[in-house]
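An overview of the molecular structure
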Amino acid sequence: MSVIRKDLGPTPPARLKSKLSVVRPGKAVPDLRLELRSGGEFSIFSEAPEDLEPAVDRLADQAVEANPFQTAPFLMKTTGKDNAHARLALIADTTTSDGAEQLSALMSFSVMGKGSHLAATAEVGGYSAPLISRHRPMATLDQLFEALAGSLTNLPGIVAFPGLLADGTFMRSARAVAAARGLAFRVAGAWRARTLSGRIDPTGALSREERKAWQTHLGKWEDLQKKGRISYQVARNPSEISAALEDLSLLSDAPGYADRFSAFFPAARQLCKRDQIRIHALYLDGQMIAAALQPVHRGDAWVWQVLVRPDMADQAVDEQLMMRLTHWNLRDTNIATTRVAPAAGSFLAERFWPVDEGYASLLIALRPGIEHTLDRVAATYEIAGA
C-alpha cells in the first residue's frame, strides 16, 4: 500500500506550490517537491532515485555543457548513505505527451560553511557544473534560482558554483540570468590551466627552469628503464577495466587506500559499458606503478585521479604517464578535448598542451539584502582558488 505525505512548510508563494509525494517501497522519496508556474516540478532528493537514471542520461546528453561527473554512474554514488550531506536538485518537465520523465535541470549540492551557503558539488575532485537542458536554458536557470530561494526549500540564500570554466556555457548563462533577475553575484578564485584540443608543440612551450626539470625527468625515466620493462596500457572495455581496477590495489598498501577507490569501482563498471571511461596505466615488469582515471562524455575527457605507487613517487612516472596519455588522447576519435581536474594536481606535461583556459567560482545571492554575506563567502573562494 502506498503512503501519501504532504511536504510541510508555510503557505507557498504563488509561483511555487507544494505537491504530494507518493512513497513507494524501494523508491527514493523527495525531501521536497514543488510545482512550478511553468507546469514543471522542482524536487530535492537526499538519495538519487534510480528510476530516474534514463532521464538523467538524456539530460546529460543534451546539457548546455558536458560534464561526465554529473552522469548517472557518478550521481548514484554521490548521494545516499555514503554521503549524508549531499542533495540532488531536479527540475522535471511534466508536460511531455509520451509520459516519459524529462529533466531540464540537475544539480548536486551540499550546504557548506556552517550553513552560510550551498555549493554545487560533484564526485570528489570532479567538475561541478550542473546539467541544464539546451531547450530554454535561461528560463530553466531562472526557475532553478527561484526555487532554491523559496521559503519552502529552507536553504541558505547564497549558491556557489566552484571551479567553473570561466568561458563555459554554464558560467555565461548563470551570470546572465543573475543579472537579469537583479541578483548580486561575485566571481572569485580565478586560475588558469592548459587544455589538450589539438597538436602539441614540444618546442618553446617550457621556460628555462621547466626545461631543466624536464631534462631531469628524462634522466629518471632512463634509470627506470634499467630496472625492467616499462609498458603502457589503456583499459577501455569491461574486461580491461575490471583487470585495471584489480591492479589499482597494487599502488599502495596504506590503511584506507582500498576503501578510497572501492566505492568508485561500481561507477567505473557502469561507465565502461557506455565507453565513458579510460584507465591509463604504466607497468614495470607487469606490475602497475601508476594510473590515471579518465571519465569521458560527449568528447570531453577529464583526467580525474592520478595514482602512483609510493616507492615510485620520485621517478616522475606521473609525468611520463601524462605524456603517453597526451599522445593517446590525440588519436582517440571519441575525445576532442582533455582537461585535468584540480584534484589530480598539475603536471609539467600539461605545458605542451596548446590551449590556455580560465577557471573561476561563481557565487550568487539568491535573495536581496545579503550582499555583505556574499562578499564574506566569496572571500573564502578567493583563498581556495589561490
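Residues numbered from 1 in each chain as written. Predicted model: local features only at pLDDT ≥ 70, side-chain atom pairs only at ≥ 80, totals over all residues. Heavy atoms only, no water.

This brings us to the overall build of the chain. Looking only at helices and strands, one finds 10 helices and 18 strands in the chain. When the 386 residues of the chain are sorted by exposure, 52% land in the buried category. For the chain, the computed accessible surface area is about 17700 Å², with 51% contributed by carbon and sulfur atoms. (Helix = DSSP H or I, 4+ residues; strand = E, 2+ residues; numbered from the N terminus. Buried < 20%, exposed > 50% of the residue type's maximum accessible area, 1.4 Å probe, protein only. Areas by Shrake-Rupley, 256 points an atom, 1.4 Å probe, with all protein chains shown as cover.)

Moving on to the packing of helix α6 (residues 238–247) against helix α8 (residues 265–273). One way to put it is that α6 packs onto α8 with a least axis distance of 9 Å and a crossing angle of 160°. It follows that α6 is roughly antiparallel to α8 by the angle criterion. Considering how the two elements wind past one another, α6 and α8 form a crossing that is right-handed. Judged by residue contacts, Pro238, Ile241, Ser242, Leu245 and Glu246 of α6 engage Phe265, Ala268, Arg269 and Cys272 from α8. Here the residues of the contact of α6 with α8 sort into six nonpolar, one polar and two charged. (Axes fitted to C-alpha atoms, helices over the stretch in contact; angles between N-to-C directions. Parallel < 35°, antiparallel > 145°, perpendicular 65-115°, else oblique. Left-handed = near helix turned anticlockwise from the far one by under 90°. Contact = heavy atoms within 4.5 Å. Nonpolar A, V, L, I, M, F, W, Y, C, P; charged D, E, K, R; others polar.)

All right, on to the packing of aromatic side chains then. Inspection of the entire model under this criterion finds 13 aromatic pairs. Arranged with centres 6.5 Å apart and planes meeting at 40°, the rings of Phe145 and Phe161 form a pair that is tilted. Of this pair, Phe145 sits in helix α3 (residues 137–149) while Phe161 is found in strand β10 (residues 158–165), placing the two residues 16 residues apart along the sequence. In this pair, the class of Phe145 matches that of Phe161, namely buried. Counting every residue linked through ring pairs, the aromatic cluster contains Phe69, Phe74, Tyr127, Phe264, Trp302 and Trp304. (Phe/Tyr/Trp six-rings, centres within 6.5 Å; stacked < 30°, edge-to-face > 60°.)

On the secondary structure map, Leu118 appears in strand β8 (residues 117–120). For Leu118, a relative accessible area of 0% translates into the label buried. The spacing of Leu118 and Ala160 is 42 residues in sequence and 6.2 Å in space, taken between C-alpha atoms. Not counting the four nearest positions on each side in its chain, Leu118 is found in contact with Met107, Phe109, Ser110, Val111, Met112, Leu155, Pro156, Ile158, Val159 and Ala160.

What is shown is where atoms sit, not what they do.
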